[in-house]
Amino acid sequence: MTETRPTSERARRAEASLAPRVHGTVRIVGAGLLGASIGHALTARGVDVVLDDTSPSQLRLAVDYGAGRQARDGDEPSLVVVAVPPDVTADVIERELARHPDAVVTDVASVKLEPLRALRERGVDLTHYIGSHPLAGRERGGAISARADIFVGRPWVVCRDEATSAADLAVVEGLALELGATPIEMSPEDHDRAVALVSHVPQLVASLLAGRFVDARDESLRLAGQGVRDTTRIAASAPELWVQILGANAEPVVDVLDRLAADLTTVATALRAPDAPGARRAIADTIRRGNDGVERLPGKHGQNRRFEQIVVMVDDTPGQLGRLFGELGELEVNVEDMRLEHSPGAQFGLAEISVDPAAVRRAVDGLESRGWKIASTTND
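Worth saying up front: this structure is predicted, and the values here are computed from it rather than measured.

### Focus: the pattern of salt bridges
Line of reasoning, step 1. Per the counting criterion, the structure on display carries 22 salt bridges.
Line of reasoning, step 2. Here Asp 149 ties to Arg 147 by a salt bridge, and the two come within 2.9 Å at their closest N and O atoms.
Line of reasoning, step 3. Take Asp 149: its relative accessible area is 42%, and that puts it in the partly exposed class.
Line of reasoning, step 4. We classify Arg 147 as partly exposed; its relative accessible area is 37%.

### What about unusual backbone geometry?
Line of reasoning, step 1. Positive phi outside glycine occurs at Glu 332, with the angle close to 60°.
Line of reasoning, step 2. Assignment of secondary structure puts Glu 332 in the loop between helix H13 (320-330) and strand E10 (337-342).

### Description of the side chain of Gln 203
Line of reasoning, step 1. Looking at where Gln 203 falls in the secondary structure, it is placed in helix H7 (residues 188-211).
Line of reasoning, step 2. On the basis of relative accessible area, Gln 203 is assigned to the buried category, the value being 5%.
Line of reasoning, step 3. The residues touching Gln 203, leaving out its near neighbours within four places in the chain, are Ile 234, Ala 235, Ser 237 and Trp 242.

### Some remarks on a nonpolar patch on the surface
Line of reasoning, step 1. On the surface, Val 205, Leu 260 and Leu 264 cluster together into a nonpolar patch covering about 230 Å² of accessible area.
Line of reasoning, step 2. As for its placement among the helices and strands, Val 205 is situated in helix H7.
Line of reasoning, step 3. Its relative accessible area of 35% is what places Val 205 among the partly exposed residues.

### Comments concerning the sheet that holds strand E8 (residues 182-185)
Line of reasoning, step 1. Here we have eight strands laid out as an open sheet, ordered E3-E2-E1-E4-E5-E6-E7-E8, and mixed in their pairing. Single-partner strands in this sheet number two, and they are strand E3 (69-70) and E8.
Line of reasoning, step 2. Bridging between strand E1 (residues 25-29) and strand E2 (residues 48-52) involves five bridges; their strand directions are parallel. Its bridge partner lying in E2, Val 29 is registered against Asp 52.

### Brief notes about the packing of helix H4 (residues 86-99) against helix H5 (residues 113-121)
Line of reasoning, step 1. Running from N to C, H4 and H5 point in directions that differ by 50°, and their axes come no closer than 9 Å. By the angle class used here, H4 and H5 are oblique. Once H4 is placed against H5, the crossing between them reads as right-handed. Residues Thr 89, Ala 90, Ile 93 and Glu 94 of H4 lie in contact with H5, whose contacting residues are Pro 115, Ala 118 and Leu 119.

### As for the environment of Phe 348
Line of reasoning, step 1. With respect to the secondary-structure elements, Phe 348 resides in strand E11 (residues 348-355).
Line of reasoning, step 2. Accessibility expressed as a relative area gives 32% for Phe 348, which makes it partly exposed.
Line of reasoning, step 3. When the C-alpha atoms of Phe 348 and Ala 166 are compared, they prove to be 55 Å apart, with 182 residues separating the residues in sequence.

### Notes on the pairing of E1
Line of reasoning, step 1. Within E1, five of the five residues are buried, leaving the element largely enclosed by the surrounding structure.
Line of reasoning, step 2. The two faces of E1 match: Thr 25, Arg 27 and Val 29 on one face and Val 26 and Ile 28 on the other face are all buried.
Line of reasoning, step 3. The handedness of the E1 to E2 crossover, carried by helix H2 (residues 33-44), is right-handed.
Line of reasoning, step 4. With four bridges joining them, E1 and strand E4 (residues 79-82) adopt parallel strand pairing.

Rules and cut-offs
Residues numbered from 1 in each chain as written. Predicted model: local features only at pLDDT ≥ 70, side-chain atom pairs only at ≥ 80, totals over all residues. Heavy atoms only, no water. Salt bridge = Lys/Arg side-chain N within 4 Å of Asp/Glu carboxyl O. Buried < 20%, exposed > 50% of the residue type's maximum accessible area, 1.4 Å probe, protein only. Helix = DSSP H or I, 4+ residues; strand = E, 2+ residues; numbered from the N terminus. Contact = heavy atoms within 4.5 Å. Patch = residues over 30% accessible without salt bridge, like charges linked within 9 Å, V, L, I, M, F, W, Y side chains within 5 Å. Areas by Shrake-Rupley, 256 points an atom, 1.4 Å probe, with all protein chains shown as cover. Pairing = 2+ DSSP bridges. Axes fitted to C-alpha atoms, helices over the stretch in contact; angles between N-to-C directions. Parallel < 35°, antiparallel > 145°, perpendicular 65-115°, else oblique. Left-handed = near helix turned anticlockwise from the far one by under 90°. Right-handed = clockwise from strand over helix to strand, strands pointing away.

Remember, this is a structural readout, not a statement about activity or role.
This is how it looks when you write it as structure tokens:
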């Protein structure tokens, strides 16, 4: 006879972590990057995902790629995710609340206050509406760019209010957790001020800097390295979408831009007369303040932690990156992040690898003993 043992607390927690957090049918309105990515992630977990989009071709493309199925008469979603451009977000939320009164409705727009104001002014019953925003994305949009893993490890803001029920809140937070994101509760006002600083103004800064390249000489651009590529990476974003985002969050964005403009004026003034008393200190303080700001950015898994960088020269031949990662594994060095730069005309690339500071010496010594050339480390 097999003895039956009580289930341990650890086992119960493990079972709970494996249990699906999203139940029933999920309807996604908007089959672009975020909508289709949510669809891919949920479909992979066995959730019945219904897709809708005003663009028939976008909808068919998302369905063909496996992000979900087209809507059918009689669909009764338990959750509706609105993933449409900001200028129509409020309209679609209002429509979905009316069509599916028993469902929880959320949206993933990058601005939270303006749609909420519009809905309140119209007198819409918002009992089952909870605004949310996953801080995830890519430079290119559309269903063809969608990926199931873009939410993993990313913050997902949830904007509840005093009327939000615990059950409805659990549905939206469960969606974020199911997709590997970290739910963070914020008010719409705090959210919009935060994204102005960490998302919207960085987009403008990247675009303004990249705009300087338009009239630059080819000889100058050939000198571009990884630093300028990192700084301008998001400048490839779609102008049509950003016109809407920035217009909907104009006041917080302008506030940050005004302060940034004052900082730029201070630096420009110092550089106009670099030998003037206090000029060098103003420049140094600017760089040092940037150091302090970078230190505050969350690192891997949300930890406020810095990693050291090792730059390895990698021959431009097949299999070299795989060999590099394999040998780092043999050295028991965990790669926290990696960036690859390939200079035009060169027969090698530079792999910048981020590792724990305690592992730097082991990694450098071990790689050099295996024939790898280390171009630099953080402390060089």
